[in-house]
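Single-letter residue listing:
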Amino acid sequence: MRPGWIERIDMRLRTAAGPALRSGAASALSRLGDAADALHEHLARARKRGLPLIVLLAWRNLFHDRVRLVTTVIGIVFSVILVTVQIGLYLGFERMVTTMIDHADADLWIVPKGTRNFEDPSLLDDRQRFRALSIAGVADVAPLVLGFAEWRRPDGGATPVFVVGSDPRGGGLGPWNVVEGRVDALATPFSVAVDRSYFGRLGVRGLGDAGELRDQKARIVAVTSGIRSFTTTPYVFAAYDRARAYMNTPADRATYFLVRLRPDADATAVRDRIQGNIADAEVLTRAEFRERSRSFWLFGTGAGAALFGGALLGIVVGTVIVAQTLYSSTKDHIAEFATLRAIGSSTRYIVEVILWQALLSAVVGFLLATAAGVVIVVLTADSALPVVMTPGLVLGLLVLTVVMCAVSAVAAIREVVRIDPATVLSR
Amino acid sequence: MTAATTPIVEAVDVEKTLGEGAGRVQALRGVSLALKGGELTLLMGPSGSGKTTLLSILGGMLTPTRGTVRLAGETTTGAGPETLARLRRTHVGFVFQSYHLFPTLTAIENVRLVLDVRGEHGEDAPERAAAALATVGLAHKHHAFPRELSGGEQQRVAIARAVVGRTAALFADEPTASLDGDNGRAIMTVLADIAKDPRRAVLVVTHDPRTLPFADRIVRIEDGRIVAEEAGAHAGPAPREPAPNESASPKSVSPKSVSPESVSPESVSPESASPESQGSPHAP
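Model, not experiment: these values are computed from the prediction.

Quick look at the overall build of chain A now. Along the backbone of chain A there are 14 helices and 12 strands. Looking at chain A residue by residue over its 427 residues, the buried ones come to 48%. Restricting the contact set of chain A to residue pairs at least 6 apart, pairs at least 24 apart contribute 80%. For chain A, the computed accessible surface area is about 19800 Å², with 59% contributed by carbon and sulfur atoms.

With 134 residues, the main nonpolar core has Leu340 of chain A together with Leu40, Leu42, Ile159, Phe171 and Leu191 of chain B as its most contacted residues. Ranked by residues supplied to this core, first place goes to helix H4 (residues 66-103) of chain A with 12 residues. Setting aside anything within four residues of it in sequence, one finds Leu340 of chain A in contact with Leu57, Ser345, Tyr349 and Ile350 of chain A together with Phe102, Leu113 and Val117 of chain B. If you look at the next biggest cluster of nonpolar residues, it comprises 37 residues, including Ala132, Ala149, Ile220 and Ala238 of chain A.

Residues and elements named next belong to chain A. In the structure shown here, the tally under the stated rule is 33 salt bridges over all chains. A salt bridge links Arg244 to Asp241, with the nearest nitrogen and oxygen atoms 3.1 Å apart. In this pair, Arg244 and Asp241 are both assigned in helix H7 (residues 240-247), 3 residues apart and thus about one turn of the helix distant. Members of the salt-bridge network, linked through shared partners, are Asp125, Arg127, Asp252 and Arg253.

This part is about the pairing of strand E7 (residues 210-213) of chain A. Two faces make up the sheet, and in a regular strand the side chains alternate between them. All names here are of chain A. Because side chains alternate across E7, one face comprises the buried residues Gly211 and Leu213, and the other comprises Ala210 and Glu212, none of which is buried. Here strand E3 (residues 138-152) runs beside E7; their pairing, made up of 2 bridges, is antiparallel. When the sheet's bridge partners are listed, Arg152 is paired in E7 with Glu212. Bridge count for E7 against strand E8 (residues 216-224) is 4 bridges, and the pairing is antiparallel. By the bridge assignment, Glu212 is partnered in E8 with Lys217.

A word on the packing of helix H3 (residues 107-117) of chain B against helix H4 (residues 125-135) of chain B. All names here are of chain B. Across the interface, H3 lies against H4 with an axial gap of 9 Å and an inter-helix angle of 120 degrees. Crossing of H3 against H4: the hand is right-handed. Each of Ala107, Ile108, Val111, Arg112 and Leu115 in H3 lies in contact with H4, whose residues at this interface are Ala125, Pro126, Arg128, Ala129, Ala130, Ala132 and Leu133. Its residues placed into classes, the contact of H3 with H4 shows 10 nonpolar, no polar and 2 charged.

Before going further, it helps to examine the interface of chain A and chain B. Residue-level contacts link 27 residues of chain A with 31 residues of chain B. Here chain A meets chain B over a buried area of about 2800 Å², counting both sides, of which 62% is carbon and sulfur. Per-residue buried area on chain A facing chain B is highest for Leu53, Ile343 and Leu425 of chain A; these three make up 27% of the total on that side. The interface formed by chain A and chain B holds 2 salt bridges in total. A salt bridge links Arg60 of chain A to Glu109 of chain B; the nearest nitrogen and oxygen atoms lie 2.7 Å apart. At the junction of chain A with chain B, the criterion picks out 9 residue pairs in polar contact (both at pLDDT 80 or more). At the level of elements, helix H2 (19-49), helix H3 (53-64), helix H11 (334-342), helix H12 (347-380) and helix H14 (423-426) of chain A are the ones that each hand at least two residues to the side of chain A that touches chain B. In terms of residue count, H3 of chain A provides more of the side of chain A that touches chain B than any other element does, 7 residues in total. In terms of residue class, the side of chain A that touches chain B is made up of 13 nonpolar, 7 polar and 7 charged.

Here we come to unusual backbone geometry. The phi torsion at Arg214 of chain A lies on the positive side, around 50 degrees, for a residue other than glycine. Residue Arg214 of chain A is classed as partly exposed on the basis of its relative accessible area of 44%. Positioned with a positive phi, Asp13 of chain B is a non-glycine residue whose angle comes to about 50 degrees. Position of Asp13 of chain B relative to the elements: it lies in strand E1 (residues 7-18). Given a relative accessible area of 33%, Asp13 of chain B falls into the partly exposed group.

With that out of the way, let us pick up helix H1 (residues 51-58) of chain B. All names here are of chain B. Burial runs high along H1: 7 of the 8 residues are buried. Lys51, Thr53, Leu54, Leu55, Ser56, Ile57 and Leu58 are the residues of H1 that are buried. Backbone geometry just after H1 places Gly60 at a positive phi near 75 degrees.

Our next topic: the packing of H12 of chain A against helix H13 (residues 391-417) of chain A. All names here are of chain A. For the pair H12 and H13, the least separation of the axes is 8 Å and the interaxial angle reads 145 degrees. Considering the relative orientation of H12 and H13, their crossing is right-handed. Of the residues in H13, those in contact with Thr347, Ile350, Val351, Ile354, Leu355, Ala358, Leu359, Ala362 and Phe366 of H12 are Val394, Leu397, Leu398, Thr401, Val402, Cys405, Ala406, Ala409, Ala412, Ile413, Val416 and Val417. Among the residues forming the contact of H12 with H13, the class breakdown is 19 nonpolar, 2 polar and no charged.

Once that is clear, we can look at the side chain of Arg161 of chain B. With respect to the helices and strands, the residue Arg161 of chain B is situated in helix H5 (residues 151-163). With no salt bridge to any partner, buried Arg161 of chain B finds its closest opposite charge in Glu336 of chain A, at an N-O distance of 9.5 Å. Only 2.9 Å separates the side chain of Arg161 of chain B from the backbone oxygen of Tyr99 of chain B, close enough to count as a polar contact.

All names here are of chain B. Structurally, Arg156 can be placed in helix H5. Relative accessible area serves as the criterion here: at 9%, Arg156 is assigned to the buried category. Sequence-wise, Arg156 and Tyr99 are 57 residues apart; in three dimensions their C-alpha atoms are separated by 8.8 Å.

Turning our attention to the confidence of the model for chain A. On average, residues of chain A score 83 in pLDDT, and 89% of them reach the 70 mark or higher. Taking the mean pLDDT of every element in chain A, the minimum, 52, falls on helix H1 (residues 4-16) of chain A and the maximum, 93, on strand E6 (residues 191-195) of chain A.

Quick look at the environment of Ala245 of chain A now. All names here are of chain A. In this structure, Ala245 sits in helix H7. In the structure, Ala245 is positioned 80 residues away from Gly165 in sequence and 10.0 Å away in space, judged by C-alpha atoms. Residues in contact with Ala245, not counting those within four places in the same chain, are Arg214 and Gln216.

Now for the environment of Asp126 of chain A. All names here are of chain A. The topology assignment puts Asp126 in helix H5 (residues 126-133). Residue classification places Asp126 among the buried residues on the basis of a relative accessible area of 14%. The sequence separation of Asp126 and Ala254 amounts to 128 residues, and the corresponding C-alpha distance is 6.6 Å. In this structure Asp126 touches Asp252 and Phe257, once residues within four positions along its chain are discounted.

On to the packing of aromatic side chains. For any pair of aromatic rings, the description consists of the separation of the ring centres together with the inter-plane angle of the planes. The full count for this structure, using the stated rule, is 12 aromatic pairs over all chains. Taken together, a centroid distance of 6.0 Å and an interplanar angle of 75 degrees make the contact between Phe162 of chain A and Tyr235 of chain A edge-to-face. Separated by 73 residues along the polypeptide, Phe162 of chain A in strand E4 (residues 158-166) and Tyr235 of chain A in strand E9 (residues 235-239) bring together distant segments of the chain. Each of the two residues, Phe162 of chain A as well as Tyr235 of chain A, counts as buried. Members of the aromatic cluster, each reached through a chain of ring pairs, are Trp109, Phe118, Tyr256 and Phe289 of chain A. Taking NZ or CZ as reference, Arg242 of chain A lies 4.9 Å from the ring centre of Tyr246 of chain A, over its face. Above the ring of Phe145 of chain B, the side-chain terminus of Arg147 of chain B is found at 4.9 Å from the ring centroid.

The rules behind each value
- Residues numbered from 1 in each chain as written.
- Chains lettered and ligands numbered in written order.
- Predicted model: local features only at pLDDT ≥ 70, side-chain atom pairs only at ≥ 80, totals over all residues.
- Heavy atoms only, no water.
- Helix = DSSP H or I, 4+ residues; strand = E, 2+ residues; numbered from the N terminus.
- Buried < 20%, exposed > 50% of the residue type's maximum accessible area, 1.4 Å probe, protein only.
- Contact = heavy atoms within 4.5 Å.
- Areas by Shrake-Rupley, 256 points an atom, 1.4 Å probe, with all protein chains shown as cover.
- Core = buried A, V, L, I, M, F, W, Y, C linked by side-chain atoms within 4.5 Å.
- Salt bridge = Lys/Arg side-chain N within 4 Å of Asp/Glu carboxyl O.
- Pairing = 2+ DSSP bridges.
- Axes fitted to C-alpha atoms, helices over the stretch in contact; angles between N-to-C directions.
- Left-handed = near helix turned anticlockwise from the far one by under 90°.
- Nonpolar A, V, L, I, M, F, W, Y, C, P; charged D, E, K, R; others polar.
- Buried area = accessible area lost by both parts, 1.4 Å probe.
- Polar contact = N/O pair within 3.5 Å; in protein donor to acceptor, adjacent residues only side chain to side chain.
- Lys, Arg positive; Asp, Glu negative; His and termini not counted.
- pLDDT = per-residue confidence, 0-100.
- Phe/Tyr/Trp six-rings, centres within 6.5 Å; stacked < 30°, edge-to-face > 60°.
- Lys NZ or Arg CZ within 6 Å of the ring centre and 35° of its normal.

Structure, rendered in structure tokens:
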């Protein structure tokens, strides 16, 4: 009865290992074999029994009326897609508004007081940088300049861009996902890196093409993929000094200082020490700056409320549709539920039938909606606002769908628990 | 027949009032009745006489306004819906006039459903359901859906569903009303065979005179009262035992007053129709 592979491993161990190991391994294999036997018998019994009758009844009740099933599934799919898109947009939005912070090589950020988000530039005095460098635990402080500038296209015309300047050799915030060219080429004069998704806006076709920023040449030496701005203004990466020249930023000024800590430093303690040593600036951990940017865009602008409102609407619409179809399905099968009651079914059994109907609807609807969600993710991947699906979102949507369908079953359950079994005698 | 002495179902001085206010109706007035194992009892009476109400009360679907009902020794007095449901699934099998099979389930699944409701999901459940279908002569129709069965076959599936739980009481509500003569006789033959088991009492509510030849006992009800009890054509010579605390004084009617028809077992073998060889927990 024991599977052959266990016997083979057992024989190899008996011949290859010493007596003590052989004894322990044989005992472990024996237990493993017993567990395998028990599992095998359990599965054989389950196969013999087939689908539990209560699940079969729920399934057949659902599939008995194909039109109603299609209506139910469409309702669930519509609802889940709506929630997927809204939450997916939220995740994409969140990822975009913090992408620069996430890719910066910084443990702490020194930012001008009152900074609300990454793209909210005002200037810090360079002396703050040296004060920070004097604090124990600080390994390095890199300046970062950024700001709006006007990109003059090669074919004439202009478009605003957001210039990001840091030392390409000294960490800070350089371009990533480089698909053409090299980052260190930014050290050469009048060089910039742009994302290929903005080629059209910038009037360029690829590596080597050039535009102008403040009447200075800006030649593309590196091309990135997927670095998109939520504000739709293209990012243009440049070396620190070049960026200052493009934006006419004074030499003793920078937008942010990016602090890298020594490996053994306590970030919060160092943050407090720097904060005590500088004025007119705030020192934020990476998480704090992310949260500040995220909160500003999502809640300060109302964009988050709109996304959450849409998701909530999806849940409400889905719940109402599923509730309505489950209720009318239950009404159609009311004579059968009365018969169940008459033959002695407990309320719990009947409730289980309805909940199984709800669960099966949820699973079918969820699978279709998830497939549609994947298509939406692919289609929007290169758009200004991509829909993002994470494993957590998929799991959350499954739980949400099941809960939504279970809540939808309440009205149907209320209907069946009031059934008078004696009605079957008069029908 | 070999009626047992201890009643399986017993109603004592039962009254039932239905409705409220101006719509209030006294459906049963002091009914006492005992159903014993090994006996097929016909409950007959005109429309509105209280037959269905009495069946509902004896079967644990309703509780009496006054009086007592005992199902296999357990009283229904004061029982809530869940307790009544437990009493029904433990002690009672029902056969309904309109069959009430589940249209989405096959014959064998319809029969298995009773076991499932009772929490009997074991490996033997399909075999028990198959045996119950064989008992009613439908061994070859396991996988047929109700729409694929004739009225008589559907009613036989309903009987298999009623007996598969090995309950002590089997109640049938107008089981032949929707059937032609042959099918009606076949159904009654099956019920009469089930009633041969001394551990099982069978009560048939009917208007149908074709059922008379199968009765061990006939109870007539009018205006909520039992007005007559008589031995049926199927009964042996033993005199009927009066039910305890019987309030009404039914007239005794000679079995000869009914006109038995010849009974054709047709496709159903009377011997094979003995419900189960297994013991019942409520066997006397």
